[in-house]
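Geometric and topological summary
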Amino acid sequence: MTLRLLKRTVLSLSLIVMTLSCSEHRDEKILLADSLSLARPDSAMAIMDSIGQTKDRLSRSERMYYELIRAKVQNRAYVDFTTDSVMLEVADYYDHHGTANERMLAHYLLGCTYRDLKEAPMSLQCYYDAVEAADTLSSDCDYSTLMSIWGQIADLHNKQCMPMEELEAWEQYQKYALLNKDTLNYIAGIEMCVSAYELLGDTVNLLQTTEKASKLFEKYGYKNRAAIAYATAIYVYLNRHNYDKAKKLITRYETESGFFDKEGNAIKGREHFYKAKSIYYLDLDILDSAQIYINRLLNSRFSADAYSLMMILHSKLGNVDSVRKYT
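A brief report on the enclosed structure follows. (Residues numbered from 1 in each chain as written. Predicted model: local features only at pLDDT ≥ 70, side-chain atom pairs only at ≥ 80, totals over all residues. Heavy atoms only, no water.)

Its identity as a non-glycine residue notwithstanding, Tyr78 has a phi of 60°, on the positive side. Of note, Tyr78 is situated in the loop between helix H4 (60-76) and helix H5 (85-96). By relative accessible area, Tyr78 is classed as exposed at 75%. With a phi close to 55°, Cys161 is a non-glycine residue in the positive phi region. Looking at where Cys161 falls in the secondary structure, it is placed in the loop between helix H8 (143-159) and helix H9 (163-179). Judged by relative accessible area, which is 55%, Cys161 ranks as exposed. (Helix = DSSP H or I, 4+ residues; strand = E, 2+ residues; numbered from the N terminus. Buried < 20%, exposed > 50% of the residue type's maximum accessible area, 1.4 Å probe, protein only.)

This brings us to the nonpolar core. Counting 99 residues, the largest nonpolar core has Leu146 and Ile149 as the members making the most contacts within it. Ignoring sequence-local partners within four residues, the contact set of Leu146 consists of Met104, Val131, Ala134, Thr136, Cys141 and Tyr176. (Core = buried A, V, L, I, M, F, W, Y, C linked by side-chain atoms within 4.5 Å. Contact = heavy atoms within 4.5 Å.)

A word on the environment of Tyr281. The topology assignment puts Tyr281 in helix H15 (residues 273-283). In this structure, the C-alpha to C-alpha distance between Tyr281 and Ala71, residues 210 residues apart in sequence, is 49 Å. Once residues within four sequence positions are removed from consideration, Tyr281 is found in contact with Lys247, Ile286, Ser289, Ala290 and Tyr293.

A word on the pattern of salt bridges. Per the stated rule, a full pass over the model turns up 13 salt bridges. One salt bridge connects Glu218 with Arg252, and the closest N-O pair in it is separated by 2.7 Å. One end of the pair, Glu218, is in helix H11 (residues 203-219); the other, Arg252, is in helix H14 (residues 243-256), with 34 residues separating them in the sequence. (Salt bridge = Lys/Arg side-chain N within 4 Å of Asp/Glu carboxyl O.)

Here we take up the packing of H11 against helix H13 (residues 231-239). Interhelical geometry of H11 versus H13 gives an angle of 135° and a closest axis separation of 10 Å. In this view, H11 runs oblique relative to H13, as classed from their interaxial angle. Pair H11 / H13 crosses with left-handed handedness. The segment H11 lies against H13, with Thr203, Leu206, Leu207 and Thr210 engaging Thr232, Ala233, Val236 and Tyr237. Of the residues in the contact of H11 with H13, the class split is five nonpolar, three polar and no charged. (Axes fitted to C-alpha atoms, helices over the stretch in contact; angles between N-to-C directions. Parallel < 35°, antiparallel > 145°, perpendicular 65-115°, else oblique. Left-handed = near helix turned anticlockwise from the far one by under 90°. Nonpolar A, V, L, I, M, F, W, Y, C, P; charged D, E, K, R; others polar.)

What follows is the structure in structure tokens.
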């Protein structure tokens, strides 16, 4: 064995020992919580809270790992972050220690912290820092987290009314979903582009993208998602006065989305669909049916939409006082 080969062998063995040593210090309960964080986030949070009672006994590296995974679990459990102090320390620690995946996760979660604190510019910067930290050429790159980061970036651009930047982010989301072999999220990334095309007023690409997403959902067995994908397209066809196509998609949405009970009533939180039904009947001057669906919308958390529809309805009925009231 040559001296160079001997040095490489010793170095490789040293790295293996170091990796094993780090793994041995990873609390099995933390690893369990991490594994449960997606499917059972509440159970994962309970585990992390129990560990947190004695976290002062942990070494700094162990405590930083605990805080990293706790933040990951907290984010997946939809528990808002209320301070940035912990994640600032964690991100700073992993900037100098750990793997590329851990640095990426730390900056991603710091971005989620600023998201919850309503600090959009800080949040966006942290997400881009997380992207920069990723080692996309590594065989163990955490594509799942990278996909989530681009999803958050896309959402921020949507809220800032920056549709072109949003589209670019959703393209990255789709890319990493494919690398993660996540077909469902790949298709969802296509579907989410609809919101950007809606902001752009680009109904041609909106309809093409809707059709593509719906067909892919159907192909891979997500029948309800295939129907849900047409939600925005319904309004496009109503605006184009293509009532046959609108009616076809309305019926499909009602029967295949899973958002309606046996009596055909929208489940709680999905009552906004009544707006589309109301517009459909108003445009066709079927006013009795329109009023039924406007009343349903009025009795939901989407009552503001119902007022404008009531104004149109009473205008058609010639009820001047009611028009003034709803105006």
